[in-house]
Amino acid sequence: MCVSATLNGSVVEYILSSTGKQKLGWMAMGFGQQMANSPMVILWPNSDGSITLSQRSARSEVMPTVDNNPPRVASVSTSLSSTSGQNPRLAFTIPADTNTKPSIIYGYSTTSPSSSAPNAVLVQHLESGVLRLDLTKPLSPSSTAPGATPTGGSADDSLPGSSDSLPLLPYQRLIVAHAILVVLGFLLFLPAGALLARYLRTFSPTWFQGHWIFQFAISGPLIVAGVALGIQSVSTAGAPHLDDAHKKWGVAIFVLYVIQCGLGAVIHWVKPKDSRRRPPQNYIHAVLGLTVIGLALYQVRSGYKTEWPKATGRGDVPNGANIIWHVWVIMIPVLYTLGLFLLPKQLRQEKKSRAARRRSN
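What counts as what
- Residues numbered from 1 in each chain as written.
- Predicted model: local features only at pLDDT ≥ 70, side-chain atom pairs only at ≥ 80, totals over all residues.
- Heavy atoms only, no water.
- Buried < 20%, exposed > 50% of the residue type's maximum accessible area, 1.4 Å probe, protein only.
- Helix = DSSP H or I, 4+ residues; strand = E, 2+ residues; numbered from the N terminus.
- Pairing = 2+ DSSP bridges.
- Salt bridge = Lys/Arg side-chain N within 4 Å of Asp/Glu carboxyl O.
- Expected span 1.5 Å × (residues − 1).
- Arc of directions from axis to C-beta.

### So, the pairing of strand β2 (residues 11-17)
Inference 1: Summarising burial for β2: five of the seven residues are buried, a large majority.
Inference 2: Judged from the seven bridges that link them, strand β1 (residues 2-8) and β2 form a sheet pairing that is antiparallel. Looking at β2, one finds that Ala 5 is bridged to Tyr 14.
Inference 3: Where β1 folds back onto β2 in an antiparallel hairpin, the turn is made up of two residues, including Gly 9, whose phi is positive at roughly 70 degrees.
Inference 4: The pairing of β2 with strand β8 (residues 89-95) spans seven bridges and is antiparallel. In the sheet register, Glu 13 faces β8, and the bridge partner there is Thr 93.

What follows is the structure, given as structure tokens:
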């Protein structure tokens, strides 16, 4: 892309132009030398021929959000814009300030935003950079980019065709690590421990060893590390904590997991005396465990379907993740339901065990 600027009295006219080498999704520029805390103006064409202008800011290299009180208010210049042809250009005007040689950042994406709304989700840019403009240069008839320095940005044929092929930023690598660990903990080892208990407790008195190893010794470190990485990724990105449903549910599910582990320990080590029936906490433990796994399935889906595109701007994850999730969300309930056919045998065994304890006492 190319950026040109013209100082016209108390107003600066900026034109962001596509070189035509790749299709236009959105173009942006910001006033500063880095993305963090630089006021940005982002523009994109819509299918109805209109142009959306969105003024945004970001704390770090994350998807910028709408700034409702920008330092200077920009307006779309329809007379200088053109959304048709090989080289579309999007223009805006903004009040001039005292800096006649501003440094600006720019970005270009081939993926259109999710809607025409100013707060629409943006997919990460394919091209970005920093350049310096000189608004003191006089206009000349041959100048195609008045006010722009020779180092003005332009697209390159070697640019990747998808934001997914761009290197992951540090906070994005933390998100990936977070996802891997919590998926292993919540959706692999927790269900494995629940199914082991469901099937083996009627056949082997040592079932509890395998159960607690899966539920606590293996899942515990994975879940704690995964949650910690999730929190760290938010801090690294400079984003607010607990500002959306995914983050809030993540904390809630983690707390429920800790409660579940504590309840399981109490049930195993503290046996009620002279009990003639199965203690109610045993039922609570089973229901709570299944609830945690069910909520974790929902949480993982919201993570890759909603949180990842919103937090990174890199678009949807590969469809393979969605296929695996659908297989898992069907397979786990089916396997557990089949194991319930062993429940009558389990209850008979527990009744005999309670009677034997009463006789021994």
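### A word on the pattern of salt bridges
Inference 1: Considering all chains together, one arrives at two salt bridges under this definition.
Inference 2: Put simply, Asp 97 and Arg 72 hold a salt bridge, and the shortest N to O gap is 3.7 Å. One end of the pair, Asp 97, is in the loop between β8 and β9 (103-109); the other, Arg 72, is in the loop between β6 (65-66) and β7 (75-76), with 25 residues separating them in the sequence.
Inference 3: A residue is classified by how much of its surface remains accessible, and Asp 97, at 42% relative accessible area, is partly exposed.

### Side note on helix α5 (residues 319-339)
Inference 1: Relative to the 30 Å expected for 21 residues at 1.5 Å per residue, α5 spans 31 Å between its end C-alpha atoms, a close match to the ideal helical length.
Inference 2: All of the buried residues in α5 are Asn 322, Trp 325, Ile 332, Tyr 336 and Gly 339. On an axial view of α5, the arc spanned by its buried residues comes to 145 degrees, and they lie on one face. Seen from the buried face of α5, the exposed residues on the opposite side, beyond 90 degrees, are Asn 319 and Ile 330.

The values reported here are purely geometric and, on their own, carry no functional implication.
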